[in-house]
Amino acid sequence: MPDPSFAQRVIAWQRSYGRHDLPWQGTRDPYAIWVSEIMLQQTQVTTVIPYYQRFMARFPDIVSLAGAQEDAVLALWSGLGYYARARNLHAAAQAVVATHGGRFPQTFDAILALPGIGRSTAAAIAVFAFGQRRAILDGNVKRILARCFGVSGWPGLPAVEKQLWSLAESLLPDSGIEAYTQGLMDLGATICTRNRPACEACPLQPICHADRHRLTISLPTPRPDKTLPQKHTMLLLLWHGSEILLEKRPVHGIWGGLWSLPEAERGVDARQFVRRRFGLETELLPALPRFSHTFTHFRLHILPQPLRVSAKATLPPGCGALWLERAEALGAALPAPVRKLLATHDEGVSRSQTPALPGSRT
DNA sequence: AAGTCGGGGTA
DNA sequence: TACCCAGACTT
């Protein structure tokens, strides 16, 4: 019997040791598979599962999603991050209803044309929903290929990524594409992990270049390190009784489309800012502990500043701001740090003896 | 080719 | 603390 190929090793391993009970498995419903693939972009399985369950319960099919308010979609995405994914998902659902009669497209190019779906995600949907022979290249596959075939260089570099795509395409099996694709994901998530990979349990160990040359921990080549820029801001908690003022953020930029707290530059007079911006008279309350929030490309140092609104003036219509009861606000599409702030504090008073602020170390 | 876009898991 | 994760999109 000839030495099993790369693909045959992955397929055989997947059937015995792979994951078969994830919430989005055991279906060929392209909608269910699509939603899972979008949520799983840059997000780990264990984080996605509860979000996925809630989302599918609320929007069980593409028509219900297409007919939803964007705010309702974003609210279910709150805390998951990369909110453009949710806006694109919503827009794509409406596009499918408008141009495909509500039926998810079945050709690779039509899938790829939908907003939020790139080459790898389109391939994953084509494989799992329609059994098409397509190559994926996510973080798991990049790591497996870089190690097994000794591809050095940071995979974010276009030249390296091109090489990995070429490898991925060349390794596809003639049959069993679903088990193969799922097997790569499962191998990367459970065996060929970034640190402490379980090489002794890997079906690829006999043919793995990195294992033979003791390169496993150094492949794939890590991203070149760069120091994150530091930014500072002040988030205003404007309390009127148990109501708080929320402001809708612009669609583009950080926390796009979410409901956040009014934001002022560090060091400005908060009362004056609020008077000019909203026409409100306020009383300054003691500042809350500052904390920091790290994004992909910068670190934000946040000073939470509560103020008590003495008289609730009428907000200009269409100004993008509104008053919400604290409980209502917690049901809105909030950025994670704002959610944590509102969950921990009300009217400027800590709800707990020891204020457990998000990353309260500065 | 480089920058933008979150949040959490993990060591 | 620092890195990575079922990446896509814009410039």
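The structure presented is a predicted model; accordingly, all values stated were derived computationally and were not measured.

Rules and cut-offs
Residues numbered from 1 in each chain as written. Chains lettered and ligands numbered in written order. Predicted model: local features only at pLDDT ≥ 70, side-chain atom pairs only at ≥ 80, totals over all residues. Heavy atoms only, no water. Salt bridge = Lys/Arg side-chain N within 4 Å of Asp/Glu carboxyl O. Helix = DSSP H or I, 4+ residues; strand = E, 2+ residues; numbered from the N terminus. Buried < 20%, exposed > 50% of the residue type's maximum accessible area, 1.4 Å probe, protein only. Near = heavy atom within 4 Å. Polar contact = N/O pair within 3.5 Å; in protein donor to acceptor, adjacent residues only side chain to side chain. Nonpolar A, V, L, I, M, F, W, Y, C, P; charged D, E, K, R; others polar. Axes fitted to C-alpha atoms, helices over the stretch in contact; angles between N-to-C directions. Parallel < 35°, antiparallel > 145°, perpendicular 65-115°, else oblique. Contact = heavy atoms within 4.5 Å. pLDDT = per-residue confidence, 0-100.

What follows covers the pattern of salt bridges. Under the criterion given, the structure shown has 11 salt bridges. The shortest N-O distance in the salt bridge between Asp186 and Arg19 comes to 2.6 Å. Placement of the pair is Asp186 in helix H11 (residues 177–190) and Arg19 in the loop between helix H1 (6–17) and helix H2 (30–39), with a sequence separation of 167 residues. The class for Asp186 is buried, based on a relative accessible area of 0%. The exposure class of Arg19 is partly exposed, given its relative accessible area of 21%.

Our next topic: the protein's contact with DNA strand C. Looking at DNA strand C, there are 28 residues lining it, with Leu40, Gly116, Asn140, Arg143 and Arg194 nearest. The protein-proximal atoms of DNA strand C, defined as those within 4 Å of the protein, are 67% sugar or phosphate. One of the side-chain N or O atoms of Thr121 is found 2.8 Å from a phosphate oxygen in DNA strand C. Measuring from a phosphate oxygen of DNA strand C, one finds a backbone N or O atom of Gly139 at 2.6 Å. Only helix H8 (119–130), helix H9 (139–148) and H11 provide two or more residues apiece to the surface near DNA strand C. Residue composition of the surface near DNA strand C, grouped by class: nine nonpolar, 10 polar and nine charged.

Once that is clear, we can look at the packing of helix H3 (residues 45–58) against helix H5 (residues 70–77). Contact geometry of H3 with H5 gives a least axis separation of 9 Å together with a crossing angle of 155 degrees. In terms of their interaxial angle, H3 and H5 are classed as roughly antiparallel. Residue-level inspection shows Tyr51, Arg54, Phe55 and Arg58 of H3 in contact with H5, the latter providing Val73, Leu76 and Trp77. Taken together, the residues of the contact of H3 with H5 break down into five nonpolar, no polar and two charged.

Before going further, it helps to spend a moment on the confidence of the model for chain A. When pLDDT is averaged along chain A, the result is 93; 95% of the residues meet or exceed 70. Low pLDDT (under 50) marks residues 348–362, which in the prediction has 29 contacts with non-local residues, meaning those over four places away or in another chain.

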